[in-house]
Amino acid sequence: MLKNRFVYAVLCYLLAVILALVGIPFLLSKTYGTKSAVYVIEPIAKGEQMTRENVGSVLVGDLNLPSDLADSLEDVIGRYATVDMVTGDFVLLSKISQIPFDGDTLPEELPEGTKAVSLSVKIMAGSIVEELKSGDIIKLYYNTDQLREIPELQFMQVVSAVSNDKEYIITVLATEVQSEKLENMKRNGEIYAALISRDNEILAKDLLKQQQYYITAKEN
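Residue numbers here run from 1 along each chain, matching the order of that chain's written sequence. In keeping with the predicted nature of the model, local features appear solely for residues at pLDDT of at least 70, side-chain atom pairs appear and are counted solely at 80 or more, and the whole-chain, interface and lining totals rest on all residues. To get the side-chain values, all heavy atoms of the structure are used, and hydrogens and water are removed first.

1. Some remarks on the overall build of the chain
Think of it this way: any DSSP run of H or I at least four residues long counts as a helix, any run of E at least two long counts as a strand, and we number them from the N terminus. Of the regular secondary structure elements, the chain holds 3 helices and 10 strands. In the chain, the succession of α and β elements from N to C terminus is α-β-β-β-β-β-β-β-β-β-α-β-α. Looking at the chain as a whole, 37% of its 220 residues qualify as buried. Excluding contacts between residues fewer than 6 apart, the proportion of contacts in the chain whose partners are at least 24 apart in sequence is 65%. Methods summary: accessible areas were calculated by the Shrake-Rupley approach with a probe of 1.4 Å, and residue burial reflects only the protein chains presented. As presented, the chain carries roughly 13400 Å² of accessible surface, and 55% of it is formed by carbon and sulfur atoms. Between buried and exposed lies partly exposed: a residue is buried under 20% and exposed over 50% of the maximum accessible area for its type, with that area taken using a 1.4 Å probe on protein chains only. In this analysis, two residues are considered to be in contact whenever any of their non-hydrogen atoms come within 4.5 Å of each other.

2. Topic: the pattern of salt bridges
Salt bridge, as used here, is a side-chain nitrogen of Lys or Arg placed within 4 Å of a carboxyl oxygen of Asp or Glu. Enumeration over the complete set of coordinates arrives at 8 salt bridges. Of the charged contacts in the structure, one is a salt bridge between Arg198 and Asp136, with a shortest N-O distance of 2.7 Å. Highlighted residues: Arg198 in the loop between β10 (190-197) and α3 (201-219) and Asp136 in the loop between β5 (115-123) and β6 (137-143), separated in sequence by 62 residues. Residue classification places Arg198 among the partly exposed positions, given a relative accessible area of 25%.

3. What to know about unusual backbone geometry
Positive phi is not limited to glycine here, since Asp199 has a value of about 55 degrees. Positionally, Asp199 belongs in the loop between β10 and α3.

4. Concerning α3
Helix span is expected to be 1.5 Å times the residue number reduced by one. Along its 19 residues, α3 runs 27 Å from first to last C-alpha, staying within 8% of the 27 Å computed at 1.5 Å per residue. The set of residues buried in α3 consists of Ala204, Leu207, Gln211 and Ile215. All buried residues of α3 lie within an arc of 75 degrees about the axis, which places them on one face of the element. Turned more than 90 degrees away from the buried face of α3, the exposed residues are Ile202, Lys209 and Tyr213. To be clear, the arc concerns the directions from the helix axis to the C-beta atoms.

5. Some words on the side chain of Asp136
Looking at Asp136, the relative accessible area reads 1%, which means it is buried. Of the polar contacts made by the side chain of Asp136, one reaches the backbone nitrogen of Lys133; its length is 2.9 Å. Any pair of N or O atoms that falls within 3.5 Å is considered a polar contact. Within protein, one atom must be able to donate a hydrogen and the other to accept it, and sequence-neighbouring residues count only if both atoms are side-chain atoms. Engagement of the side chain of Asp136 in a polar contact is seen with the side chain of Arg198, the distance being 2.7 Å. In this structure, Asp136 is in contact with Glu131, Met156, Gln157, Val158, Leu195, Ser197 and Arg198, ignoring residues within four places of it in sequence.

6. Comments concerning the environment of Lys139
Examined against the element boundaries, Lys139 turns out to sit in strand β6. What makes Lys139 buried here is its relative accessible area of 12%. Distance from Lys139 to Gln157, taken between C-alpha atoms, is 9.0 Å for residues 18 residues apart in sequence. Not counting residues up to four positions away in its chain, the partners in contact with Lys139 are Glu149, Leu153, Gln154, Tyr192, Ala193, Ala194 and Ile196.

Put into structure tokens, the structure is as follows:
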């Protein structure tokens, strides 16, 4: 009798351990689900740009997660920390900036009527440069079955750019119309970029005005 009780006790203990290690996490994952979250791999100082070397992505349970938790590397890489971050921190959208700043002065707001859109691009073959940088004016092309020009994306300003092998994750300033075009392109094909102007503020302003004039005229 004592031997049977001992066996039953051991079995109950093992069952409890299995339930705690496997059953409860499984039920929680089915009940609450999981989601991707961006976290800090290496410490990031305030004002420092985020790259594939200092941030990564991991699946976490979505119970009680912050509402502004960054869930896509594309929305983080190339942007800038507005606070110091340590290894293991989750990246919050409220703690990053699309615009470069020196770490002491808060970044300026985006121009009225624009938003920052992040996307992966490849440099066009034959382009006059092999890399992009902040301030560049670029032209974007869309490739599904063939390479196409998009009239609304003839002149776009780069806010930030981070190299990723043969691709760049860039952030550009976009109007609502341009943002919709870019989101569709990101879902359905590859995007290519060609440099149009660099280090010429007067020309850059003129090109952006031409682009806005085209969009406004088309809407009217």
